[in-house]
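Here are the chains, one letter per residue:
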Amino acid sequence: QHLTGVQEFMGLEFCVNEHVLVPRQDTELLVLEAEKQLKMLEDANPQILDMCTGSGCIAVSLKSRNPQIKCVAADVSEQALVMAKKNADKLQAEINFVHTDMFSNISGNFDMIISNPPYIPTKVIEGLEAEVRLHDPFSALDGKEDGLYFYRILAEESPRFLRKGGWIYLEIGHDQSRAVEQLLMEAGFEKIRTEKDLAGLDRVVCGVYNI
C-alpha cells in the first residue's frame, strides 16, 4: 500500500502515505456496527465526530454510505488531515475537518463519537512486523505505556460532547475489551458491549451516555 499509495476500505479506494495508518479490514467492523446504531437514532440528520481520523477512512466511508449524516473528523496531525481531505474530495464526501489535540478544539454536540485511536503499548511497537513498524506513523500506533492513554481521554471527555442518548464506538486491541469497558462504565456510559471481528477477536467496544 505504501508503494501504490492506495488501499481499499469498505469497497472504496483511499489514498495513503507515510503520514497515515493504512486502513485495515478489521476497522470495517467499527463502521458496520456504527451504521447499525445510526439507523436506530431518532435524528434524521445525526451528527458524528470521528476522533483520530487519520486517512479519513471511517468518516468518509460513513458519509459516503449514509449521506444524511453530518460529520466532523478530527486529528492532531496536520499531514494526516491533508490526506483525509484528499480522500473526502476524491469520494465526494462533505466533511468538516478539525485540527485538534483530542477535544481541545472541538465544539458542539454529537449523536455519536467514533474512534480508532492509537492503542498499542509503546514497548510492543518494537516487536511489530516490519511493514507496520517501519512504515505506519509511530504516533498513529502509540497508545503510550499501557495502550489505554487515548481511551481514558475518550471516556472522560466524550460525555461533554454527546447529546442525550449519544453513543461512543471504539476500535480496540484484542486484549483491551475489559479495560475499555471499565473506563466507559466509570465515566457513566451504559449498555456497554464488545463486538468480535471475523477472527473471533474482541474488536469494538460501544456504549450509550445519558439515556
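See above for the structure.
Residues numbered from 1 in each chain as written. Predicted model: local features only at pLDDT ≥ 70, side-chain atom pairs only at ≥ 80, totals over all residues. Heavy atoms only, no water.

### Description of the overall build of the protein chain
Line of reasoning, step 1. The secondary structure content of the protein chain amounts to eight helices and nine strands.
Line of reasoning, step 2. Relative to the 2.2 N^0.38 estimate, which gives 17 Å for 211 residues, the radius of gyration of the protein chain is 16 Å and therefore close to what a compact globule would have.
Line of reasoning, step 3. For the protein chain, the spread of C-alpha atoms along the three principal axes comes to 45 × 40 × 35 Å.
Line of reasoning, step 4. The burial tally for the protein chain puts 54% of its 211 residues in the buried class.
Line of reasoning, step 5. When the accessible surface of the protein chain is totalled, it reaches about 10,300 Å², and 48% of it is carbon and sulfur.
Line of reasoning, step 6. Where the 21 positive side-chain charges of the protein chain centre and where its 33 negative ones centre are 4 Å apart. (Helix = DSSP H or I, 4+ residues; strand = E, 2+ residues; numbered from the N terminus. Rg over C-alpha atoms; globule rule 2.2 N^0.38 Å. Buried < 20%, exposed > 50% of the residue type's maximum accessible area, 1.4 Å probe, protein only. Areas by Shrake-Rupley, 256 points an atom, 1.4 Å probe, with all protein chains shown as cover. Lys, Arg positive; Asp, Glu negative; His and termini not counted. Charge placed at Lys NZ, Arg CZ, Asp CG, Glu CD.)

### Points about the pairing of strand β4 (residues 70-75)
Looking along a regular strand, one sees side chains alternate from face to face of the sheet.
Line of reasoning, step 1. Of all six residues in β4, five are buried, a share of seventy percent or more.
Line of reasoning, step 2. Examined bridge by bridge, strand β3 (residues 47-51) and β4 share five bridges and lie parallel to one another. Each bridged residue has a counterpart across the sheet, and for methionine 51 the counterpart in β4 is alanine 74.
Line of reasoning, step 3. The parallel pair β3 and β4 is bridged by helix α2 (residues 57-65), and the resulting crossover is right-handed.
Line of reasoning, step 4. Of the pairings in the sheet, the one linking β4 to strand β5 (residues 96-99) comprises four bridges and is parallel in character. Directly across from valine 72, in β5, lies its bridge partner asparagine 96. (Pairing = 2+ DSSP bridges. Right-handed = clockwise from strand over helix to strand, strands pointing away.)

### Here we look at the environment of arginine 178
Line of reasoning, step 1. Locating arginine 178 in the fold gives a position in helix α8 (residues 177-186).
Line of reasoning, step 2. Exposure remark for arginine 178: the relative accessible area of 74% places this residue in the exposed category.
Line of reasoning, step 3. Separated by 109 residues in sequence, arginine 178 and isoleucine 69 place their C-alpha atoms 31 Å apart.

### Some thoughts on helix α7 (residues 149-157)
Line of reasoning, step 1. The set of residues buried in α7 consists of Phe150, Tyr151, Ile153, Leu154 and Ala155.
Line of reasoning, step 2. Residues of α7 that are buried sit in contact with β3, β6 (110-115), β7 (162-171), α8 and β8 (189-196). (Contact = heavy atoms within 4.5 Å.)

### Quick word on the state of the cysteines
Line of reasoning, step 1. Under the counting rule described, the total for this entry stands at zero disulfides.
Line of reasoning, step 2. Here cysteine 52 is not disulfide-linked; the sulfur of cysteine 57 is the nearest cysteine sulfur, at 12 Å.
Line of reasoning, step 3. Looking at the unpaired cysteine 57, the closest cysteine sulfur is the one in cysteine 71, lying at 11 Å. (Disulfide = S-S within 2.5 Å.)

### Re the pattern of salt bridges
Line of reasoning, step 1. Enumeration according to the criterion identifies 13 salt bridges in this entry.
Line of reasoning, step 2. Across the pair glutamate 33 and arginine 193 runs a salt bridge whose closest N-O atoms are separated by 4.0 Å. With glutamate 33 in helix α1 (residues 28-38) and arginine 193 in strand β8, this pair connects stretches of sequence that are 160 residues apart.
Line of reasoning, step 3. Here glutamate 171 makes a salt bridge to arginine 203, at a shortest N to O gap of 4.0 Å. Here glutamate 171, found in strand β7, pairs with arginine 203, found in strand β9 (residues 202-209); they are 32 residues apart in sequence, far enough to count as distant. Summarising the burial analysis for this pair, glutamate 171 and arginine 203 share the class buried.
Line of reasoning, step 4. Each of Asp26, Glu171, Asp197 and Arg203 takes part in a single network of salt bridges with overlapping partners. (Salt bridge = Lys/Arg side-chain N within 4 Å of Asp/Glu carboxyl O.)

### Some remarks on the packing of aromatic side chains
Line of reasoning, step 1. Evaluation of the coordinates by the stated rule reveals five aromatic pairs.
Line of reasoning, step 2. Relative to phenylalanine 14, the ring of phenylalanine 9 lies with its centre 6.1 Å away and its plane at 75°, an arrangement referred to as edge-to-face.
Line of reasoning, step 3. Residue phenylalanine 9 is classed as buried on the basis of its relative accessible area, which comes to 0%. (Phe/Tyr/Trp six-rings, centres within 6.5 Å; stacked < 30°, edge-to-face > 60°.)

### Quick look at the sheet that holds β3
Line of reasoning, step 1. The strand order across the open sheet built from seven strands is β5-β4-β3-β6-β7-β9-β8, with neighbouring strands paired in mixed fashion. At either end of the open sheet lies a strand with only one pairing partner, and these are β5 and β8. Each neighbouring strand pair of the sheet contributes to a mean axis angle of 15°, computed without reference to strand direction.
Line of reasoning, step 2. Here β6 pairs with β7 via five bridges, running parallel. Looking at the pairing, isoleucine 114 lines up with tyrosine 169 of β7.
Line of reasoning, step 3. Helix-sheet contacts for helix α3 (residues 78-90) involve β4 and β5, and the interaxial angle to β5 is about 175°.
Line of reasoning, step 4. The sheet strands contacting α8 are β7, β8 and β9, and the helix crosses β8 at an angle near 165°. (Axes fitted to C-alpha atoms, helices over the stretch in contact; angles between N-to-C directions.)

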